[in-house]
Each structure stands twice: as structure tokens, then as C-alpha cells.
Amino acid sequence: MLDLFADSQPWQEPLAPGATILRRFAFSAAQRLMLDIDAVASRSPFRQMVTPGGYTMSVAMTNCGQLGWTTDRRGYVYSSIDPLTGHAWPPFPASFVELCRRAATAAGYTDFQPDACLINRYAPGAKLSLHQDKDEPDLRAPIVSVSLGLPAIFQFGGLKRSDPLKRLMLEHGDVVVWGGESRLFYHGIQPLKDGLHPLTGNCRYNLTFRQAGKKE
Ligand code: SIN
Ligand code: FE2
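What this report covers is the structure whose coordinates are included nearby. (Residues numbered from 1 in each chain as written. Chains lettered and ligands numbered in written order. Predicted model: local features only at pLDDT ≥ 70, side-chain atom pairs only at ≥ 80, totals over all residues. Heavy atoms only, no water.)

## Points about the overall build of the protein chain
Line of reasoning, step 1. Summing up its helical and strand segments, the protein chain has two helices and 13 strands in all.
Line of reasoning, step 2. Against the 2.2 N^0.38 benchmark of 17 Å for 216 residues, the protein chain shows a C-alpha radius of gyration of 16 Å, consistent with a compact globule.
Line of reasoning, step 3. Its C-alpha atoms give the protein chain principal-axis dimensions of roughly 45 × 35 × 35 Å.
Line of reasoning, step 4. Entry remark: accessible area of the protein chain is about 10,600 Å², with carbon and sulfur atoms responsible for 55%.
Line of reasoning, step 5. Once the 23 positive and 20 negative side-chain charges of the protein chain are each reduced to a mean point, those two points are 5 Å apart. (Helix = DSSP H or I, 4+ residues; strand = E, 2+ residues; numbered from the N terminus. Rg over C-alpha atoms; globule rule 2.2 N^0.38 Å. Areas by Shrake-Rupley, 256 points an atom, 1.4 Å probe, with all protein chains shown as cover. Lys, Arg positive; Asp, Glu negative; His and termini not counted. Charge placed at Lys NZ, Arg CZ, Asp CG, Glu CD.)

Shown next as C-alpha cells:
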């Protein structure tokens, strides 16, 4: 298939105060990132987590880094141990560290030191309801979110759930960075449409880098 964007340079689109979309920023790293996602998942497999309310999430998730986002009966927690395997989460692949640092810097966050990466896998129909990323103790650190594979509609609102939503398509290689004033803005992913992507098949993957521990 002829990809008209394969050779084009990434470009930036402002999204909200403190938030930027780096279009196609991860395009050239995508193949390496996918191999490394597979390597992480061979040690800490994708699983559909169950929320404290008993709801099985449609998105399949795993993590890498010092901490991983997970659920237990008490709620949403960051844990250094994968509850499925009983072992530490796999460390960050070098490709993740490099891409995340470049993206944070390009968006103006020069000192971002993530210690957690949530890896989301969306099959057709999977969605992520509107939520805030608020389980991290230090909200000065931004969120860096990398989209791979099938396109999805991302909703980005404000500090209140009822604030108006922007709806924008995130495509293969797009990176969204949000922090500062928009760090706690509500966001979500609408149900994934069926499709076939040359690198990821009928899935969309998303990497979300966070600083989930306290920086000394
Ligand atoms: C998330 O909010 O954790 C993921 C967003 C996305 O999949 O783009
Ligand atoms: Fe989120």
C-alpha cells in the first residue's frame, strides 16, 4: 500500500494549554517499538483488568518500567510487581526511553523522567471511557502517549467531566503530550473501528509514559 505520509516530517498541533500533538513523531521508531512491545508482553502478558467495581475493561493492558498501573480490590494502584506473574514488570526497552525523551523535549518538557509505561491494546470495539490520569503523586510531570496501528478517536476535555470535548483522530505514530494546566484534563478513546494495519493487524496499541513514583 502506498503511504503518502511515510516520508513526511512530523508536525505539531497545539491541543490545550500545556498539551501538544506531535503528529507522526513515532512513525520511524514504530517497528522497533512493536518488537519491544512483543518482548514485554512475552514476560508480562496482556490482560483485561477488572475494575474495583467488577467491570472487565475492554482494553487489554500490560506495563513496563519500575512501576505498573493495575487494579486490585481497593482501587487503582501503581505496583512494582505484576500481580499476574508475581515478578517485577519488564524494564523499559531502550527504544521506549529514547522516544519518550525526544517527544517530551519536543513538547517543552525537558526534564521528564518516566518510571512507568502502561501499554494498552485495543481490539475492534474496545474503548476507554472518559477519565483523568490522577493516580500519580507528582502532577508536575506530564503524560506522554504514543499511538500505534489502527486510528482511534481521542476525546480531550477539561477539568470537569462535563466540559466540552475535542474529538480528534490519533493515527499511527502520533504522540500526545499533556501536562501543566491540562495535566488533569478528562480524556478517553471511542470504540475502535474495525480495520487492518500493516504493522499491528486489527489492533491499536498505545504507550502511556508516566512518572508514577516520587522524584527525590
Ligand atoms: C489512556 O488514557 O491511558 C490511553 C489513551 C489512548 O489510548 O490514547
Ligand atoms: Fe489516561
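## Focus on the site of ligand 1
Line of reasoning, step 1. Around ligand 1 sit N120, Y122, L128, H131, S145, H187, I189, R204, N206, T208 and R210, and those are all the residues in its vicinity.
Line of reasoning, step 2. Y122 has a polar side-chain atom sitting 2.5 Å from an oxygen atom of ligand 1.
Line of reasoning, step 3. In this structure, H131 approaches ligand 1 through a side-chain N or O atom, which is 3.1 Å from an oxygen atom.
Line of reasoning, step 4. Within the complex, the protein chains bury 98% of what would otherwise be the 260 Å² of accessible surface of ligand 1.
Line of reasoning, step 5. Its atoms largely coinciding with the cavity grid, ligand 1 occupies the largest pocket.
Line of reasoning, step 6. Secondary-structure elements contributing two or more residues to the shell around ligand 1 are strand 6 (116–122), strand 7 (128–131), strand 12 (187–189) and strand 13 (204–210).
Line of reasoning, step 7. The dominant element in the shell around ligand 1, judged by the number of residues it contributes, is strand 13, at four residues.
Line of reasoning, step 8. Across the shell around ligand 1, the residue classes break down as three nonpolar, six polar and two charged. (Near = heavy atom within 4 Å. Polar contact = N/O pair within 3.5 Å; in protein donor to acceptor, adjacent residues only side chain to side chain. 1 Å grid on protein atoms, 1.4 Å probe; cavity = no way out; pocket = protein on both sides within 12 Å on 5 of 7 lines; lining within 4 Å. Sits in = over half its atoms within 2 Å of the grid points. Nonpolar A, V, L, I, M, F, W, Y, C, P; charged D, E, K, R; others polar.)

## Looking at the coordination of the iron ion (ligand 2)
Line of reasoning, step 1. At the metal site, the iron ion (ligand 2) is ligated by H131 (NE2), D133 (OD) and H187 (NE2), and these contacts range over 2.1 to 2.2 Å.
Line of reasoning, step 2. As a motif over one chain, the donors of the iron ion (ligand 2) read H-x1-D-x53-H. (Donors = N, O, S within 2.8 Å, 3.2 Å for Na, K, Ca; no water.)

## Let's talk about the sheet that holds strand 11 (residues 175–178)
Line of reasoning, step 1. Within the open sheet, the seven strands sit side by side as 1-2-11-8-13-6-3. Their pairing is antiparallel. Of all strands in the sheet, those with a lone pairing partner are strand 1 (11–16) and strand 3 (60–65), marking the two edges. When strand polarity is set aside, the average angle formed by the axes of neighbouring strands in this sheet is 20°.
Line of reasoning, step 2. Pairing analysis gives seven bridges linking strand 6 to strand 13, with the strands arranged antiparallel. By the bridge assignment for strand 13, A116 is matched with R210. (Pairing = 2+ DSSP bridges. Axes fitted to C-alpha atoms, helices over the stretch in contact; angles between N-to-C directions.)

## What about the packing of helix 1 (residues 30–43) against helix 2 (residues 94–106)?
Line of reasoning, step 1. Contact geometry for helix 1 and helix 2: axes closest at 9 Å, N-to-C directions at 135°. Between helix 1 and helix 2, the crossing angle belongs to the class labelled oblique. For the crossing formed where helix 1 meets helix 2, the hand is left-handed. Seen from helix 1, the contacting residues are R32, L33, D36 and I37; seen from helix 2, they are S95, F96 and L99.
Line of reasoning, step 2. Tallied by class, residues from the contact of helix 1 with helix 2 come to four nonpolar, one polar and two charged. (Parallel < 35°, antiparallel > 145°, perpendicular 65-115°, else oblique. Left-handed = near helix turned anticlockwise from the far one by under 90°. Contact = heavy atoms within 4.5 Å.)

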